[in-house]
Amino acid sequence: MSQPPSGTPAPVEEIHWPSLIAAIAAITAVGIAIGLGLPLLSIIMEKRGISSTMIGLNSAMAGLASMAAATVTAKIAHRHGVANTMLLAVLFAAMSALGFYYIENFWLWFPLRVVFHGAITVLFVLSEFWINATAPPSRRGLVLGIYGTVLSLGFAAGPLLFSILGSDGILPFAFGASVILLAAIPIFLARNESPALDEKPELHFMRYVFLVPTATAAVFIFGAVESGGLSLFLIYGTRSGFTESQAALLLTVMGIGNVIFQIPLGMLSDRMKDRRNLLALMTVVGLIGALCLPLLQGNWWLMAIVLLFWGGSVSGLYTVGLSHLGSRLTGADLAAANAAFIFSYAVGTVAGPQAIGAAMDISGNDGFAWAIAGFFGLYVVLSVVRIVLNPKRT
């Protein structure tokens, strides 16, 4: 990427903690909302006799909403301000979370998914922009490792909370809505310090999707596996012989792997000349882990060990890819690139649940693992071709 355009503010040298805390609060809400919401809604639909394909289709609406929201988030924030837009998103996310309890009609869950995940995506995009604007270039990997760790903690806390709260009654919905609303406090306190979007990005939105193709492809795979896995793993686990609580705890173990590997992977990416090699390595680990799942059915401890390392590698795709974007872009271009990054993630969340759900209907329970392995295998091939044919780091 070329040098930042003239007029771009000089990079910050120190972390501005109020802004960092506001961004972290937002991403905590995002992590818990996704980590609790996806398995909660899926298991409720499973109990109501809805097929895996339809569960996957309903879950895929989250990705469609995210794709739409990602394309307009920067424009809305430019008009209303970053903090004000995030506060509005918090309100919509909390209200729609409660809506899932009060509205039982399955078809009405489709527009509810659009509102809920659209609002969550706004928080996702703007918290990323805020954190990248706050991070000193020399410590970007560390800061984004912290950011990724907090996000992973939210993902890990969600299934754990599900195992505690269960799927009956209003309690899990009210708890999720309350967590989302709490994120508004630090955002409101730091509202006057949120980064400004006074200029327009240099390129059209879709150009940013292809600006760093290795990173956007990686986050696409991450979105497909993360969303599809969270949506359908409880079903896969219970059909494999585990109890609902045991399957939820396996998701928590995978989340722990996400947490403990984020900062080391972020720091490692800062020391590598070509981050594509690290991204390719992590997808190879993901491929091997997916292929091992059918061999481990019925053995909770072995599956937990595999998911621990597998989860760390999968979530590393997000952190390393995001660090790559932040090192090359600033200002409005960075905001647009963050939106494009989340757009690619959202495309993955559309493809993942639908492909995995259909694979389970067609191939039986093992279709869960085969579909995930297919996603990872695709990226391994693409990354090898990219590195061989294009030695330039993109």
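For the structure itself, look to the data block above.
Residues numbered from 1 in each chain as written. Predicted model: local features only at pLDDT ≥ 70, side-chain atom pairs only at ≥ 80, totals over all residues. Heavy atoms only, no water.

### Here's the deal with the overall build of the protein chain
On a plain count of helices and strands, the protein chain comes out with 14 helices and zero strands. Each helix and strand of the protein chain, ordered N terminal to C terminal, gives the series α-α-α-α-α-α-α-α-α-α-α-α-α-α. The globule rule puts the C-alpha radius of gyration for 394 residues at 21 Å, and the 20 Å found for the protein chain is close to it. With the principal axes as the frame, the protein chain shows a C-alpha extent of 60 × 50 × 30 Å. Across the 394 residues that make up the protein chain, the buried fraction comes to 58%. The contacts in the protein chain between residues at least 6 apart in sequence include a share of 85% that link residues at least 24 apart. Looking at the protein chain as shown, the accessible area adds up to about 15400 Å², and 69% of this sits on carbon and sulfur atoms. (Helix = DSSP H or I, 4+ residues; strand = E, 2+ residues; numbered from the N terminus. Rg over C-alpha atoms; globule rule 2.2 N^0.38 Å. Buried < 20%, exposed > 50% of the residue type's maximum accessible area, 1.4 Å probe, protein only. Contact = heavy atoms within 4.5 Å. Areas by Shrake-Rupley, 256 points an atom, 1.4 Å probe, with all protein chains shown as cover.)

### Re the packing of helix 9 (residues 213-239) against helix 14 (residues 367-389)
For the pair helix 9 and helix 14, the least separation of the axes is 10 Å and the interaxial angle reads 170°. As summarised for this structure, helix 9 and helix 14 are arranged roughly antiparallel, according to the angle between their axes. In the contact of helix 9 with helix 14, the residues fall into 15 nonpolar, three polar and one charged. (Axes fitted to C-alpha atoms, helices over the stretch in contact; angles between N-to-C directions. Parallel < 35°, antiparallel > 145°, perpendicular 65-115°, else oblique. Nonpolar A, V, L, I, M, F, W, Y, C, P; charged D, E, K, R; others polar.)

### Describing a nonpolar patch on the surface
On the surface, Leu 88, Leu 91, Phe 92, Met 95, Val 115 and Leu 181 cluster together to form a nonpolar patch covering roughly 550 Å² of accessible area. Top element by residues in the nonpolar patch is helix 3 (residues 82-102). It accounts for four residues. Classification of Phe 92 by relative accessible area gives partly exposed; the value is 42%. (Patch = residues over 30% accessible without salt bridge, like charges linked within 9 Å, V, L, I, M, F, W, Y side chains within 5 Å. Salt bridge = Lys/Arg side-chain N within 4 Å of Asp/Glu carboxyl O.)

### What about the environment of Phe 175?
Of note, Phe 175 is situated in helix 6 (residues 171-182). Judged by relative accessible area, Phe 175 falls into the partly exposed class, the value being 33%. Put simply, Phe 175 and Ala 33 are 142 residues apart on the chain and 9.8 Å apart in space, counted from C-alpha to C-alpha. Once residues within four sequence positions are removed from consideration, Phe 175 is found in contact with Leu 161 and Leu 165.

### Quick notes on helix 6
Between its terminal C-alpha atoms helix 6 stretches 16 Å, which fits the 16 Å expected from twelve residues at 1.5 Å a residue. Residues Pro 172, Phe 173, Gly 176, Ala 177, Val 179 and Ile 180 constitute the buried set of helix 6. Along the axis of helix 6, the buried positions cluster into a sector of 160°, meaning they face one direction only. (Expected span 1.5 Å × (residues − 1). Arc of directions from axis to C-beta.)

### Thoughts on the packing of aromatic side chains
On inspection of all chains with the given rule, the structure shows 19 aromatic pairs. Measuring from centroid to centroid gives 5.6 Å for Phe 124 and Tyr 345, while their planes differ by 70°, and the two rings are edge-to-face. Taken together, the residues Phe 124 in helix 4 (residues 109-134) and Tyr 345 in helix 13 (residues 331-363) connect sequence positions 221 residues apart. Its relative accessible area of 2% is what places Phe 124 among the buried residues. Ring plane angle 50° and centroid distance 5.9 Å describe the contact between Phe 261 and Phe 309, whose orientation is recorded as tilted. Taken together, the residues span a long stretch of sequence, with Phe 261 in helix 10 (residues 244-271) and Phe 309 in helix 12 (residues 300-328) at a distance of 48 residues. Three or more aromatic residues joined by ring pairs form one cluster here, namely Phe 124, Phe 222, Tyr 318, Phe 341 and Tyr 345. (Phe/Tyr/Trp six-rings, centres within 6.5 Å; stacked < 30°, edge-to-face > 60°.)

### Some details on the environment of Pro 172
By the element assignment, Pro 172 lies in helix 6. Measuring from C-alpha to C-alpha, the distance between Pro 172 and Arg 386 comes to 44 Å, with 214 residues separating the pair along the chain. Among residues more than four places away in sequence, those in contact with Pro 172 are Leu 36, Leu 40, Leu 165 and Gly 166.

### Quick look at empty space enclosed by the protein
All chains considered together, the criterion is met by four cavities of 30 Å³ or more. Approximately 180 Å³ is the volume attributed to the largest cavity. For the lining of the largest cavity, the elements supplying multiple residues, two or more each, are helix 5 (140-165), helix 9, helix 10 and helix 12. It is helix 9 that contributes the most residues to the lining of the largest cavity, six residues altogether. Of the residues in the lining of the largest cavity, the class split is twelve nonpolar, five polar and one charged. Along the wall of the second largest cavity there are 13 residues; nearest its centre are Ala 33, Gly 37, Leu 40, Ala 97 and Phe 116. Of all the secondary-structure elements, those providing two or more residues to the lining of the second largest cavity are helix 1 (17-47), helix 3 and helix 6. If you tally residues by element for the lining of the second largest cavity, the top one is helix 1, at six residues. (1 Å grid on protein atoms, 1.4 Å probe; cavity = no way out; pocket = protein on both sides within 12 Å on 5 of 7 lines; lining within 4 Å. Points joined across faces, edges and corners; volume = space filled by probe spheres on them.)

### Topic: helix 10
Given a rise of 1.5 Å per residue, 28 residues ought to cover 40 Å, and the 42 Å separating the end C-alpha atoms of helix 10 matches this to within 8%. Along helix 10, the largest kink reaches about 40° and is centred on Phe 261; proline Pro 264 follows within four residues of it. (Bend = angle between axes of the 7 residues up to and from the residue.)

### Considerations on the nonpolar core
Within the largest apolar cluster, 126 residues are counted, with the highest numbers of intra-cluster contacts made by Phe 124, Trp 310, Tyr 318 and Phe 368. Looking at this core, the element that brings in the most residues is helix 1, giving 17 residues. Beyond its immediate stretch of four places on either side in the chain, Phe 368 contacts Gly 228, Gly 229, Leu 232, Phe 233, Tyr 236, Leu 293, Ile 356 and Met 360. (Core = buried A, V, L, I, M, F, W, Y, C linked by side-chain atoms within 4.5 Å.)

### What about the pattern of salt bridges?
The tally for this structure, following the rule as stated, stands at two salt bridges. Here Arg 239 ties to Glu 46 by a salt bridge, and the two come within 4.0 Å at their closest N and O atoms. Of this pair, Arg 239 sits in helix 9 while Glu 46 sits in helix 1, and the two are 193 residues apart along the sequence. According to the relative accessible area criterion, Arg 239 is partly exposed, its value standing at 42%. Glu 46 gets classed as partly exposed once you look at its relative accessible area, which sits at 26%. Asp 168 serves as the salt-bridge partner of Lys 47, at 3.9 Å between the closest nitrogen and oxygen. Note that Lys 47 is positioned in helix 1 and Asp 168 in the loop between helix 5 and helix 6, a separation of 121 residues in sequence. Given the relative accessible area of 59%, Asp 168 is considered exposed.

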